[in-house]
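# Analysis of the macromolecular model
Here is what each chain is made of, one letter per residue.
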Amino acid sequence: MSTTDVATGPDHPAGDHATATPRLEVRGLSKTFSGVTVLDDAHLALAPGEIHALVGQNGSGKSTLIKLVSGVHRADPGGEILVDGVHLGPPVDAGRLHRQGLAFVHQDLGLVPDLSVRENVRVGLNAVGHLSRRVDRAADRAAVHRTFEFLGVPIDPEATVASLTPSERVAVAVARALQEREPGSGVIVFDESSRAIPHEALPAFYDLVRFLAGQGTAVLFVSHDLKEVLSLAHRVTALRNGRVVEAGVPVAGLGEAALTRLVLGRDGAVGDLVGRYPVRPRTDVVELVGVRGGRVRDVTTRLRSGEVTGVTGTVDSGILDLPSLLGGASAASGTIRIDGRDLDLERVGVPELLDAKAVLVPQDRHGRGLATDLTVEENVTIPHVGSRARRWSLGTGWRHRETDAVIDRYDVRPRARDAVVATMSGGNQQKVLFGKWLMDRPRLLTLEEPTQAVDVGARAALLEATRRVAQDGAAVLYVSAEVDDLAAVCDRLLVIEDGVLVRDLAGPFTPEAVLAAVFASPTGGTP
Amino acid sequence: MTTTTDAPDVADREPASRAGTTTAGRRGGAVRDLARRYSLVLLWLVMALVLFALADVPLSNFLQGIFARQTPLVFLGMAVVLTMAVGEFDLSFPSVYALSGASVSSLVVLHGWSFPLAALAAVALALLFGAANALLVVRAGINPVIVTLGLGSLAVGLGGWVSQETSVSGLDFTLSNIALARVLGLPMVFWYGLALVLVFGYVMSSTPLGRRILFVGANREVARLAGIPVARVRVGAWLTSALLCGVAGVVSAAGLGGFNATSAREFFLPAFASVFLGTVAVVPGRFNPVGMFIAVYFLVTGVFGLQLLGYQGWVTDAFYGVVLVAAVAASAWVQRRVRG
C-alpha cells in the first residue's frame, strides 16, 4: 500500500512513524445528494501519532466527510477509505468500525446520563456468560477499570454518568471509543467534541488527546475553534465548498490569520466593528428594574438605545439564566421599562413583550429558536404573521419581501425561501434565526451566545448584524462568555457575579480586558 | 428588495456559485415536485382502472359505489388531521362519533325528543368530551394516548347506555335528506365532506391561524416564544375535532335512519390510514386536509373494488391494515426526503 506524500510533513512529531503506512487514508471520496455535489474528491491522510485537524466553514463538506467515514452516509462510487493500509470501504459498515480500528467521539458524546459509567462504556461490547448469555458485570467492570487506568483518569465504573463532571464525561466517551484496543493503535475521531466541554475542563481534555497521540494513535480533530486547532494539532486539512483546499499543512507555520484564510479563502478578521458601526447617540433608554429568577437575584440597569451592552460572568454567575427571563421564556419577576411602558415580568407573557418589541434570540436554536422541519419563509415570518397578515389571508407579497430581505442581508445559503431549515448548515440556521427577530426593529434585543457553534464566516456576519441593529435604534444586550466576541461588539460591559451586577465598564475593550473584568476580585456592590 | 451591506470592506460574499445550474434545475425540480405531490392521485387512478377492468360493472355504478358511499370517514379524518397537526394524538374520535350518533337516535326514537334538540344535545355531548380531553391533556399534561383511550372507552359505554345496548332505528326517513339528497348525482354527505376539506385546507395553508397551528405542531417552545397562544391553539384543535365527530354522528344517524353504536370502531383504522396516507400528497410531509380527502377515496375505492371482486369481510380489515403501515412508512420516507 502506497503512502501519499502529504503524510510526511516536515515538522511531523512522530518522526519514527513518518514513513509508516497512514493510520487513516481517504482517497477520492465524493458525495452527491439529489444532484448536488456536497463533497468532491476528498482526500486525507493521518500518520500514526498525529493530531490532524479538519477545518472548514459550516456547509464546507466537513461533516459529510466524517459521515462517509463513519458509515452514516454511503459515498459515491470511486473513492476509498483505508485504515492501516487495509481497505475499509466504501461502503463502510458502521457496526464493524470499532473492530476495524476506527472510533468516534461525537459532539454530544452519546452518553446515557441515568446509566452507570460501566454500562455506558460497555454497551454493545458487554462480556457475557457462555451459556447463560448474562452480562458478566465483574468482567465489564474490570475492562472499564483497565481502560481508565490506561487513560490515567480515576473514575468509578459504577458512578452514574449524570454525577460526573463534564471533563470526566469526555473521558468516559473516549474510554468507550478506545476499549479493547491495543494501546497506541487505530484512529480516533473527535467530532466537535470540545463543544461539550466547559472552558475550565478543556486543558485536561487536550492533555488526553495529546496522550493518545503520544501513544501512536492517530487523532482526527474536527473543530470550529481555530485557536484550539493551532494549539493542539500537528497538521491541518481544510475544506471549502466541498473540496479539500489544503491537505495536511503543518500547523507550526500558521498563525490564526493564515488559518482563517485557509478556512474562508479570504481574511476573516471582524476588524474594528465598533469603529465601523459607531454608536449613534440617542436619548431613549430601556430600563431593567429588579429583574430576578433562576440564579439571577437582581439585575437593575439602564440600557441606552443604540448601544451594545455586553453581559458576562462565569458559568454559575447567572448569565445563563438572564436571557430567558427577559424573553419571557422562564418565570421571572421585575420590570422592563420601554418608552415609559412598564412590563411587569410576573404578569406579562411573550405576546406583550413582543408587542413592546422586547425580543430574545435564544441560544438553543433547535429547541427554542427555529422550527427546523419548516421552511425559511415560515420561520422568518412567524413573529409578524399577526401584525402583517389579514385575519383570513396570510398574503404572499410581504412574506416574500421579508424573507428575501433576510436572505440578502445575512447572505443565507441556499438562497431559497422554501428550503427546510433542518437541511441547512448551523451558521446559516443562525442567520435565519437572526433575521427572524432582527427585521422588525426591536427596542430591546437580548442575544444569548449568538455565535456559538458557527464558523468564522458566519460569526463575522452575526457580529456585524449586532452592531447594525444597535445603529437602527435597539438597546442590545449581548449575553455571552466569549471574550473575543464581547470585545468586538460591546460599547459597555456588565459583569454578573452571584446573580447581581458587580461591574459596569465603558468600552472599547480588548479580549484581555474582558477576561480581567470577569475574574477581577469582587468590588462588593452594584454600580 | 435587495439590501446590500453598506460596509464595502466586509464584502464577505463568495460569488454565487452554481447560479446557472439552479435555474435550469428548477424546471426539472418543478416537475418532480408536481409528481411528488400528486403521485397518490396517479396511484389511485391506476388502482381504480385495474379494479374497474376486473369488476365488470357499468362505469356509472362503479363511480356511484365510490363517491355516493355514505361514510363519515372524511369528517373523522378531518378531526384526526386537526389533532395531529397540533402535535396531539387522539384515540377517542370513533367513540365520540358513536356516542353522538347513538345519542341523537336514542333521544328521538326512545325518548321522543325533537330531532333538532336531540342533534344539539348530541353535538354538545361530543364537545364535552373534546373539552375533557383538552383539560386533561393540555392543562393537566397527561399523556394523550392514555387520556383518549380512557375517555374513548367511557364514550362507548355511555353510547351503549343511552341506546340501551341496541341498534336504534326508526328516525323519520325524511331526515335522511340531510345526508342523502342528491346534488349533481352525488349525496349531500359527499358535498359536506368536500366543503369541509376545502375550508379547513384553506385555513391551514393560507391564514394566520393555519401558521399558528403549523408552529404549535412543529415546536411548541418556538411557537410560544413567537407569541403564539399555544394552549389556546391546542384546546381549539381538541374542541373542533370533537365538534366534527359530533356532527358526523348526527349526519350519519340521519342518513341511516338510526345508529348502531358498536359499528363505530370500524372507522378507527381507515381514518388513521387516510390521515397518514394524506401526508404523502399535496403538502408532502405534513398533515393536510386535501391529501386526507384523496386518501379517503383511495381507501374507499380499494375496499369497494375488492367487494366487487367478491372479497368481503376480512379483506377489508387486511386492506386497511396494510395501507396504514404502508402509509406511515411512505410518510416517514417523505419526511426524510423533505429534511434532506
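Rules behind the numbers
Residues numbered from 1 in each chain as written. Chains lettered and ligands numbered in written order. Predicted model: local features only at pLDDT ≥ 70, side-chain atom pairs only at ≥ 80, totals over all residues. Helix = DSSP H or I, 4+ residues; strand = E, 2+ residues; numbered from the N terminus. Buried ≥ 20, exposed ≤ 12 C-beta atoms within 10 Å, placed from the backbone. Contact = placed C-beta atoms within 7 Å. Expected span 1.5 Å × (residues − 1). Nonpolar A, V, L, I, M, F, W, Y, C, P; charged D, E, K, R; others polar. Pairing = 2+ DSSP bridges. Axes fitted to C-alpha atoms, helices over the stretch in contact; angles between N-to-C directions. Parallel < 35°, antiparallel > 145°, perpendicular 65-115°, else oblique. Left-handed = near helix turned anticlockwise from the far one by under 90°. pLDDT = per-residue confidence, 0-100. Arc of directions from axis to C-beta.

From N to C terminus, chain A includes 18 helices and 20 strands. Taking all 527 residues of chain A together, the buried fraction comes to 50%. Taking the intrachain contacts of chain A between residues at least 6 apart in sequence as the baseline, contacts between residues at least 24 apart amount to 70%.

Now for the overall build of chain B. Across its full length, chain B holds 14 helices and four strands. When its C-alpha atoms are laid out on the principal axes, chain B stretches across 85 × 55 × 35 Å. Across the 340 residues in chain B, those meeting the buried criterion constitute 46%. Residue pairs at least 24 apart in sequence account for 77% of intrachain contacts in chain B once pairs closer than 6 positions are excluded.

Phi is mostly negative for residues that are not glycine, and the peptide bonds are mostly trans. Geometrically, the link from R413 of chain A to P414 of chain A is a cis peptide bond, its omega value of -5 degrees lying close to zero. Inspection of the secondary structure assignment puts P414 of chain A in the loop between α14 (397-410) and α15 (426-438). With phi around 50 degrees, D498 of chain A is a residue other than glycine that occupies positive phi space. One can find D498 of chain A in the loop between β19 (492-497) and β20 (500-506). The backbone phi angle of E165 of chain B is positive, close to 60 degrees, even though this residue is not glycine. Note on placement: E165 of chain B falls in the loop between α6 (144-162) and β1 (168-169).

Another aspect to go through is helix α3 (residues 73-85) of chain B. Residue and element names in this part refer to chain B. Counted at 1.5 Å a residue, the expected span for α3 with its 13 residues is 18 Å, and the 18 Å between its end C-alpha atoms agrees. Taking burial as the measure, the 13 residues of α3 include 13 buried ones, the bulk of the element. Phi turns positive, to about 85 degrees, at G87, one or two residues after α3.

Attention shifts here to the interface of chain A and chain B. With 41 residues of chain A in contact, the opposing surface of chain B contributes 26 residues. Listing elements by their share of the side of chain A that touches chain B, those giving two or more residues are α10 (350-355), α11 (365-369), α13 (385-388), α14 and α16 (456-471) of chain A. Grouping the constituent residues of the side of chain A that touches chain B by class yields 21 nonpolar, nine polar and eleven charged.

In this section: the environment of A142 of chain A. Structurally, A142 of chain A is set in helix α3 (residues 137-151). Taking the C-alpha atoms as reference points, A142 of chain A and V412 of chain A, 270 residues apart in sequence, are found 52 Å from one another.

All names here are of chain A. A large share of strand β17 (residues 444-448) lies buried, amounting to five of its five residues. Bridge count between strand β16 (residues 358-361) and β17: four bridges; the pairing is parallel. Looking at β17, one finds that V359 is bridged to L445. Pairing of β17 with strand β18 (residues 475-479) involves five bridges; the strand directions are parallel. Bridge pairing in β18 links L445 to V476.

Residues and elements named next belong to chain A. At a closest axis distance of 9 Å, the pairing of α15 and α16 adopts a crossing angle of 10 degrees. Put simply, α15 runs roughly parallel to α16. From α15, G427, Q430, K431, F434 and L438 reach across to α16, where they touch G457, A458, A461, L462, A465 and V469. Residues belonging to the contact of α15 with α16 are distributed by class as follows: seven nonpolar, three polar and one charged.

As a further point, take the pairing of strand β4 (residues 80-83) of chain A. Residues and elements named next belong to chain A. Across the two faces of β4 the burial differs, with I81 and V83 buried and E80 and L82 not buried at all. As judged from the four bridges shared by strand β1 (residues 24-33) and β4, these two strands associate in the antiparallel manner. Across the sheet, R27 pairs through a bridge with E80, a residue of β4. What sits between the antiparallel neighbours β4 and strand β5 (residues 86-89) is a turn of two residues, in which D84 has the positive phi angle 50 degrees.

To continue, consider the environment of R23 of chain A. Residues and elements named next belong to chain A. With respect to the helices and strands, R23 occurs in the segment before β1. Note on R23: 29 C-beta atoms within 10 Å, which makes it buried. Beyond its immediate chain neighbours, meaning those up to four positions away, R23 contacts L46, A47, P48, V83, D84, V187 and A218.

This part takes up the packing of helix α4 (residues 93-109) of chain B against helix α11 (residues 230-256) of chain B. All names here are of chain B. One way to put it is that α4 packs onto α11 with a least axis distance of 7 Å and a crossing angle of 45 degrees. The angle between α4 and α11 places the two elements in the oblique class. Seen from above, α4 lies across α11 with right-handed handedness. Only S241, A242, C245, G246, A248, G249, V250, S252 and A253 of α11 make contact with α4, whose side of the interface consists of F93, V96, Y97, A98, S100, G101, V104 and S105. Each residue belonging to the contact of α4 with α11 can be placed in one class, and the counts come to ten nonpolar, seven polar and no charged.

Further remarks concern the confidence of the model for chain A. Residue and element names in this part refer to chain A. For chain A, per-residue confidence averages 82 on the pLDDT scale, and 90% of positions sit at 70 or higher. Here residues 1-18 is a poorly scored stretch, pLDDT under 50, and it has 37 contacts once near neighbours within four places are set aside; other chains count. Counting interchain partners and residues more than four positions distant, the pLDDT-below-50 stretch residues 522-527 has ten contacts.

This part covers the sheet that holds strand β8 (residues 218-222) of chain A. Residues and elements named next belong to chain A. Spatially, the six strands line up as an open sheet ordered β6-β7-β8-β3-β9-β10, and their pairing is mixed. A strand with exactly one partner marks an edge of an open sheet, and here the two such strands are β6 (102-105) and β10 (243-250). When strand polarity is set aside, the average angle formed by the axes of neighbouring strands in this sheet is 20 degrees. Of the strands in this sheet, β6 and β7 (187-191) touch helix α4 (residues 166-178), which is tilted by about 165 degrees from β6.

Here we take up the confidence of the model for chain B. Averaged over all residues, the pLDDT of chain B is 86; the fraction at 70 or higher stands at 90%. Ignoring residues within four places in sequence, the model shows residues 1-24 of chain B, a span with pLDDT below 50, making 16 contacts including any to other chains.

Residues and elements named next belong to chain B. By secondary structure assignment, the location of L158 is in helix α6. Accessibility expressed as a C-beta count within 10 Å gives 19 for L158, which makes it partly exposed. Spatially, the C-alpha atom of L158 lies 9.6 Å from that of S95, the residues being 63 residues apart in sequence.

With that settled, consider helix α5 (residues 202-214) of chain A. Residues and elements named next belong to chain A. An ideal rise of 1.5 Å per residue puts 18 Å on 13 residues; α5 measures up with 18 Å between its terminal C-alpha atoms. Residues of α5 that are buried: F205, V209, L212 and A213. Projected down its long axis, α5 carries its buried residues within an arc of 100 degrees, all on one side. In this structure, α5 carries P203 and D207 as exposed residues pointing more than 90 degrees from its buried face. Close packing links the buried residues of α5 with β3 (51-56), α4, β7, β8 and α6 (226-232). Just downstream of α5 lies G216, where phi reads positive at about 115 degrees.

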